[in-house]
Amino acid sequence: MFVTESSRSVPVAGHYDVIVCGGGPAGLIAAVAAARQGASTLLIERYGFVGGMATSALVTPVSEFRVNGKQHIAGIPLELMRDAAALGGAQVDRESGNYPVNDEIMKLAAQRLALDAGVRLLYHSWFSDCIVSDGRLTHVIVQNKAGRIAYGARVFIDCTGDADVVRAAGLETRKDDVLQPASLWFQLGGVDTDALAHLFGDAVDGILPVSETIRSRLAELNDQGVIPHFGGPWINYFFHPGMVSINLLREGTDASDPEWFTRTECSLREGLHQIIEVLREHVEEFKDCWLAKSGIQTGVRETYHIVGQYELTKDDVLNPKPFPDTIAKGGHVIDIHRSDSNDQDELVTLRQEYNVPLRCLVPRDSTNLLIAGRCLSADGPGFGSVRVMATCMAMGQGAGTAAALALDNGADVAALDHGVLRDQLIDQGAVVDFDNCAPEVVAP
């Protein structure tokens, strides 16, 4: 059954050089990068703050800025982390490059970064649709309290995480039959953090510490049917004595299916209060704990992927290639979570960083649209590494810079001079060298 809406004209509220849809780790950095290149830039965000999974879903630490003793992500992403650290809301001295963040302070640091760069922010606005003419995007339409409003631009960056703009534009995407589960993060007070201090150390070989004692007890309760499947638990010290941030609750879902994801949100929030009671009863260090905060939304790992000009593969991650259009680097372990058990399906530690080409961010058959973040073109294992927030931030810097440079090239992203793009990223402090690769040339 269908209903027919009345046709209507949508007012155009403004025109920009670059519009970024989604203010998460990728979108924030993309907007800042474009604005710093001199492009008038609008950043559209559904919440009243930027930061995405780090702020709305409480995900911490932000992984992963270093691998094997080398800083492989720097530039604007590292600048943001240092800004948050200066405000007391991040720890950036960890050798592993897994940097803990305070979500509230990250909101402020991220907002300041955007505004200082000249980014125009539009909060409380959902991307709704787009206008395509002769194969090019001309406008995006948002829905907010003012109704439906259009904004025009020459280049667009989809940082929605779910390829919303790409799909609305009629470009090809794919979605795996089995998706990585979503997780509801939460923060507790009243915890004996002194007794848990052994869990608060740095990651080793990309793996964060886990208490086998707590995990074993939770596994017993899971076997008995008392609690559902869980992850970790990864328990992080949260900046103040007695405070921790926990990644434990997870459930299989499809966050691009609103009805299913609503059931997941309800289920996980019920489970949150159940697991707190379980921790109080079964784990001595949590006997006096209380709920300080849970994520505004459940953290999403995966939904749609674009079909890009290139697909990042497991081999590209394990055997880095010297892509001439490298715009970012990754170094996180290949980490694929399962929703039908307490385990990860695949966990492969990397010994060196790898390269992410711009082509993974450019949808096939697009002209003036690219993406940044977790909806990039990648196979399962490749995505299992590249999906994390620090790498998404680095992709954002690459995408935002590419969008600004494309303005001088007919707004055709695919026709960019990769050497010029690389030089601009290097000038911004980004790490895009090929030193970790074999000498052969990979054709674009």
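Residues numbered from 1 in each chain as written. Predicted model: local features only at pLDDT ≥ 70, side-chain atom pairs only at ≥ 80, totals over all residues. Heavy atoms only, no water.

Novice: Pulling in residues and values, what's your account of the layout of surface pockets?
Specialist: With a probe scaled to a water molecule rolled over the atoms, the places where space remains empty come into view. Considered as a void within the structure, the second largest pocket measures approximately 220 Å³ in volume. In terms of lining, the second largest pocket is formed by 18 residues, of which the most central are Val67, Asn68, Ser96, Asp205 and Gly206. Across the lining of the second largest pocket, the residue classes tally to five nonpolar, eight polar and five charged. (1 Å grid on protein atoms, 1.4 Å probe; cavity = no way out; pocket = protein on both sides within 12 Å on 5 of 7 lines; lining within 4 Å. Points joined across faces, edges and corners; volume = space filled by probe spheres on them. Nonpolar A, V, L, I, M, F, W, Y, C, P; charged D, E, K, R; others polar.)

Novice: I'd like to hear about empty space enclosed by the protein, residue by residue, with values.
Specialist: Per the counting criterion, the structure on display carries three cavities of 30 Å³ or more. Its boundaries defined by the atoms lining it, the largest cavity holds a volume of some 100 Å³. Contributing to the lining of the largest cavity are 13 residues, with Arg94, Leu199, Ile235, Asn236 and Tyr237 lying nearest its centre. Looking at the second largest cavity, its volume works out to about 70 Å³. Lining the second largest cavity we find His72, Ile73, Ala74, Gly75, Pro77, Ile327, Ala328, Lys329, Ala394, Gln397, Ala430 and Val431. Among the elements of the structure, α2 (75-86), β15 (326-330) and α9 (389-406) are those that each provide at least two residues to the lining of the second largest cavity. At three residues, β15 tops the list of elements feeding residues into the lining of the second largest cavity. Partitioned by chemical class, the residues of the lining of the second largest cavity number eight nonpolar, three polar and one charged. (Helix = DSSP H or I, 4+ residues; strand = E, 2+ residues; numbered from the N terminus.)

Novice: For the pattern of salt bridges, give the residues involved together with the corresponding values.
Specialist: All chains considered together, the criterion is met by 24 salt bridges. Close ionic contact of Lys293 with Glu104 constitutes a salt bridge, the shortest N to O distance being 2.5 Å. Of the two residues, Lys293 is situated in strand β13 (residues 290-294) and Glu104 in helix α3 (residues 103-117); the sequence distance between them amounts to 189 residues. Given the relative accessible area of 23%, Lys293 is considered partly exposed. A residue is classified by how much of its surface remains accessible, and Glu104, at 40% relative accessible area, is partly exposed. (Salt bridge = Lys/Arg side-chain N within 4 Å of Asp/Glu carboxyl O. Buried < 20%, exposed > 50% of the residue type's maximum accessible area, 1.4 Å probe, protein only.)

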